[in-house]
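Here are the chains, one letter per residue:
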Amino acid sequence: MSLETESTMQATLDPLRWARFYAAMKHGTQMYAAGHSYTYHLKCVELVLRRFGVNDISMLEAAWLHDVIEDTRGKLGQVKRKDIAEMFGERTADLVTAVTNDATPDHVARMARTYPRIRACHGAVMLKLADRIANVSEGRDPDGKYAAEHEDFYRALHTAGEHEDMWAELDTLLGVKR
């Protein structure tokens, strides 16, 4: 789809509907667990945020766009931060960029760089928690990766008194007792 066509579509859709459409277009045929299209996961992230009282449009747009930079990297139609900022605004672009992993193959090093960005961006911890809750509740941790890194994730991103209900749900899903 050309940028001109994207601009026309953007002008005719409400912002969240545009984010949903754009994410579906950019993720294309990418699949999620149990044969679902990838948009299934993105919708789950939005629903987790809504369940925890989020109605901020930038947060809900970011729920749909949170993987688009990472998942289009190196592909035709690659999405960059500036694309998101131009179409959805700086706030949404900041949230998406904060939770986007870089391409470093070493998982520990990658998380060591990502977690400070998440902490530094207001709302990004909640977005990342919603993503993690959606993944774990949909059975996307078959090898136990999220369970194994949960204490590091918690230490890096938890702030006492913030999002405690979300942390409690994630702990329960992972079988962690605090």
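For the structure, see preceding data.
Bear in mind that the values here come from a model prediction, so they are computed numbers and not experimental data. Residue indices begin from 1 for each chain and proceed along its sequence in written order. Residues qualify for local features only when their pLDDT is at least 70, as the model is predicted, and side-chain atom pairs are given and counted only at 80 or more; totals for whole chains, interfaces and linings, by contrast, use all residues. Note that the side-chain values use all heavy atoms of the structure and ignore hydrogens as well as water.

**A look at the overall build of the protein**
Operational definition: Runs of E in the DSSP output that reach at least two residues are strands. Runs of H or I that reach at least four are helices, and both are numbered from the N terminus. Radius of gyration means the value over C-alpha atoms here, while the globule rule gives 2.2 Å times the residue count to the 0.38 power. The cut-offs for exposure are 20% and 50% of the maximum accessible area for each residue type, with area from a 1.4 Å probe on protein chains only; residues under the lower value are buried, those over the upper are exposed, and the others partly exposed. The contact criterion used throughout is that any non-hydrogen atoms of two residues lie within 4.5 Å. Methods summary: accessible areas were calculated by the Shrake-Rupley approach with a probe of 1.4 Å, and residue burial reflects only the protein chains presented. In this count, Lys and Arg are taken as positive residues and Asp and Glu as negative ones, while His and the chain termini are left out. Throughout, a charge is located at the NZ atom of Lys, the CZ atom of Arg, the CG atom of Asp or the CD atom of Glu.
Counting secondary structure elements, the protein contains eleven helices and zero strands. The N-to-C order of helical and strand elements in the protein reads α-α-α-α-α-α-α-α-α-α-α. Taken against the 2.2 N^0.38 rule, which gives 16 Å for 178 residues, the C-alpha radius of gyration of the protein at 16 Å falls within 12% of a compact globule. Principal-axis analysis of the C-alpha atoms places the extent of the protein at approximately 50 × 35 × 30 Å. Evaluated residue by residue, the protein yields a buried proportion of 46% over its 178 residues. Across the protein, every contact between residues at least 6 apart in sequence was considered, and the portion connecting residues at least 24 apart equals 64%. If you sum the accessible surface of the protein, you get close to 9,000 Å²; carbon and sulfur atoms cover 54% of it. Measuring between centres, the 23 positive side-chain charges of the protein sit 2 Å from its 27 negative side-chain charges.

**Re the pattern of salt bridges**
Definition in use: Salt bridge, as used here: a side-chain nitrogen of Lys or Arg that lies within 4 Å of a carboxyl oxygen of Asp or Glu.
Tallied over the full model, the rule gives twelve salt bridges. The closest approach of N and O atoms between Glu149 and Arg132, which form a salt bridge, is 3.1 Å. With Glu149 in helix H10 (residues 145–157) and Arg132 in helix H9 (residues 124–137), the pair connects residues that are 17 residues apart, well separated along the chain. Three or more residues joined by partner-sharing salt bridges are found here, namely Arg20, Glu46 and Arg50.

**Quick word on unusual backbone geometry**
The phi angle at His163 is positive, at roughly 60°, despite the residue not being glycine. Mapped onto the elements of the fold, His163 is located in the loop between H10 and helix H11 (164–174). Classification of His163 by relative accessible area gives partly exposed; the value is 23%.

**Structural notes on the packing of aromatic side chains**
When we look at a pair of aromatic rings, we describe it by the centre distance and by the angle of the planes. Selection rule: Side-chain rings of Phe, Tyr and Trp, where Trp is taken by its six-membered ring, are said to pair if the distance between their centres is within 6.5 Å; with planes under 30 degrees apart they count as stacked, over 60 as edge-to-face, and otherwise as tilted. In this scheme, Lys NZ or Arg CZ marks a charge over a ring once it lies within 6 Å of the ring centre and within 35 degrees of the ring normal.
Counting across every chain of the model gives nine aromatic pairs. Consider the rings of Trp18 and Tyr22, whose centres lie 5.6 Å apart with planes at 45°: the pair is tilted. Placement of the pair is Trp18 and Tyr22 together in helix H2 (residues 15–27), with a separation of four residues, close to one helical turn. A relative accessible area of 1% means that Trp18 is categorised as buried. Taking the centre distance of 5.8 Å and the plane angle of 70° together, the rings of Tyr115 and Phe153 count as edge-to-face. Residue Tyr115 is found in helix H8 (residues 107–120), and its partner Phe153 is found in helix H10; the two are separated by 38 residues along the sequence. We note that Tyr115, like Phe153, is buried. Following the ring pairs from residue to residue traces out a cluster consisting of Trp18, Phe21, Tyr22 and Phe88. The residue whose ring lies beneath Arg132 is Phe153, and the NZ or CZ to ring-centre distance is 4.1 Å. Lying across the ring of Tyr154, Arg178 places its NZ or CZ 3.5 Å from the centre.

**Brief notes about the layout of surface pockets**
Picture a little ball the size of a water molecule; that probe, rolled over the atoms, points out where space is still empty. Stated formally: Cavity and pocket criteria rest on a 1 Å grid covering protein atoms alone: a 1.4 Å probe that fits but cannot get out defines a cavity, protein on both sides within 12 Å along at least 5 of 7 lines defines an open pocket, and an atom within 4 Å of a point defines a lining residue. Grid points are joined across faces, edges and corners, and a volume is the space filled by probe spheres set on the points. Three classes are used, and their members are as follows: Ala, Val, Leu, Ile, Met, Phe, Trp, Tyr, Cys and Pro are nonpolar, Asp, Glu, Lys and Arg are charged, and the others, Gly among them, are polar.
Here the largest pocket is characterised by a volume of approximately 430 Å³. The wall of the largest pocket is formed by 23 residues, among which Glu70, Asn101, Asn135, Lys145 and Tyr146 lie closest to the centre. Looking at the lining of the largest pocket, the elements with two or more residues in it are helix H3 (38–51), helix H5 (68–72), H8, H9 and H10. Classifying every residue of the lining of the largest pocket by side-chain character gives five nonpolar, six polar and twelve charged. Volume-wise, the second largest pocket comes out at about 280 Å³. Lining the second largest pocket are 16 residues, with Cys121, His122, Gly123, Glu162 and His163 sitting closest to its centre. Residues that form the lining of the second largest pocket fall into these classes: seven nonpolar, five polar and four charged.

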